[in-house]
Amino acid sequence: MFFIANVSPRSTGKTTNSAWMSHALHERGRKVIGFDADDSRQFSRWQAAGTYPFVVQQAATSAFHMNVPQMIPAGFEDGIGVVDVGHLEDHKGVGASVLRLADLAVINLPPSMNDVERMEELPTKEFIQDTAPLRPDSQPPATWVLLCKAPTGVNEIKQVREYLEDEGYNVFTTVVPSVVKYMRTHEGSDIQAKGSVFDELVTEMEERGLLP
Ligand SMILES: Nc1ncnc2c1ncn2[C@@H]1O[C@H](COP(=O)(O)OP(=O)(O)OP(=O)(O)O)[C@@H](O)[C@H]1O
Ligand SMILES: [Mg+2]
């Protein structure tokens, strides 16, 4: 199974983005399992409301890297696991465990220098890199920043992108706007990712060769 770990230093939109990203992958014909690696259990409650066409397993444990490979149902070995990781400022143990397995780490980041500071203070990039010796190939996972909850018509988005790229981050071209459609994601809400920015994100991931 190919694991995408949605991480962030603090609350930024990870669960919302995990829900939409996993629907977008499913709608594009991928076999998807969601993994809820946050004690708040929001992602699994959203799925339990019954509208999701795939399962979300609870896995908020710092033994994620040991337990989850045993939880993958037959037929899903070539699927994609979308992991909603509890925010790293308070969930370092779970985060480090997920990052031991992750094939792609997505840093969910609102495009404000305030959020950039929180990301650097953790420090998030180093946290991801420090998991390398614990991984089978001793390399950190591919790591990309997803700018999300972005207000429209604000110059700061361009400035944040330029800053991040100068600092050596990979930044997705696709940006998740701050809109009511995504804000309203909750238990029982209906998600149609086709035509949404998350469908574009899957296209970008494929074009960049980030997905298997
Ligand atoms: N693209 C968006 N546009 C508007 N509102 C959004 C968007 N994404 C998330 N939100 C809102 O921002 C808040 C935080 O989102 P979410 O719960 O997904 O973040 P999180 O990173 O999972 O937080 P936590 O770490 O606390 O679990 C929620 O109120 C959500 O509705
Ligand atoms: Mg969350």
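Residues numbered from 1 in each chain as written. Chains lettered and ligands numbered in written order. Predicted model: local features only at pLDDT ≥ 70, side-chain atom pairs only at ≥ 80, totals over all residues. Heavy atoms only, no water.

Draft legend 1. Looking closely at the site of ligand 1. Taken together, 16 residues lie around ligand 1, and Ser11, Thr12, Lys14, Thr15 and Thr16 are the ones closest in. At 2.8 Å from an oxygen atom of ligand 1 is found a main-chain nitrogen or oxygen belonging to Thr12. Within the contact set of ligand 1, an oxygen atom lies 2.6 Å away from a side-chain nitrogen or oxygen of Thr16. When ligand 1 is considered free in solution it has 640 Å² of accessible area, and contact with the protein chains removes 80% of it. Those elements giving two or more residues to the shell around ligand 1 turn out to be helix H1 (14-27) and helix H8 (180-183). Ranked by residues supplied to the shell around ligand 1, first place goes to H1 with 3 residues. Along the lines of polarity and charge, the residues of the shell around ligand 1 split into 5 nonpolar, 8 polar and 3 charged. (Near = heavy atom within 4 Å. Polar contact = N/O pair within 3.5 Å; in protein donor to acceptor, adjacent residues only side chain to side chain. Areas by Shrake-Rupley, 256 points an atom, 1.4 Å probe, with all protein chains shown as cover. Helix = DSSP H or I, 4+ residues; strand = E, 2+ residues; numbered from the N terminus. Nonpolar A, V, L, I, M, F, W, Y, C, P; charged D, E, K, R; others polar.)

Draft legend 2. Looking closely at the side chain of Asp36. When you line up the elements, Asp36 lands in strand E2 (residues 32-37). Buried Asp36, no salt bridge; nearest opposite-charge side chain is Arg41, N-O distance 6.4 Å. Looking at Asp36, its side chain comes within polar contact range of the main-chain nitrogen of Asp38, at 3.1 Å. One polar contact links the side chain of Asp36 to the main-chain amide nitrogen of Phe43, over a distance of 3.4 Å. With residues near it in sequence (within four places) discarded, Asp36 still touches Arg41, Gln42, Phe43, Ser44, Val56, Gln57, Gln58, Ala59, Ala60 and Asp84. (Buried < 20%, exposed > 50% of the residue type's maximum accessible area, 1.4 Å probe, protein only. Lys, Arg positive; Asp, Glu negative; His and termini not counted. Salt bridge = Lys/Arg side-chain N within 4 Å of Asp/Glu carboxyl O. Contact = heavy atoms within 4.5 Å.)

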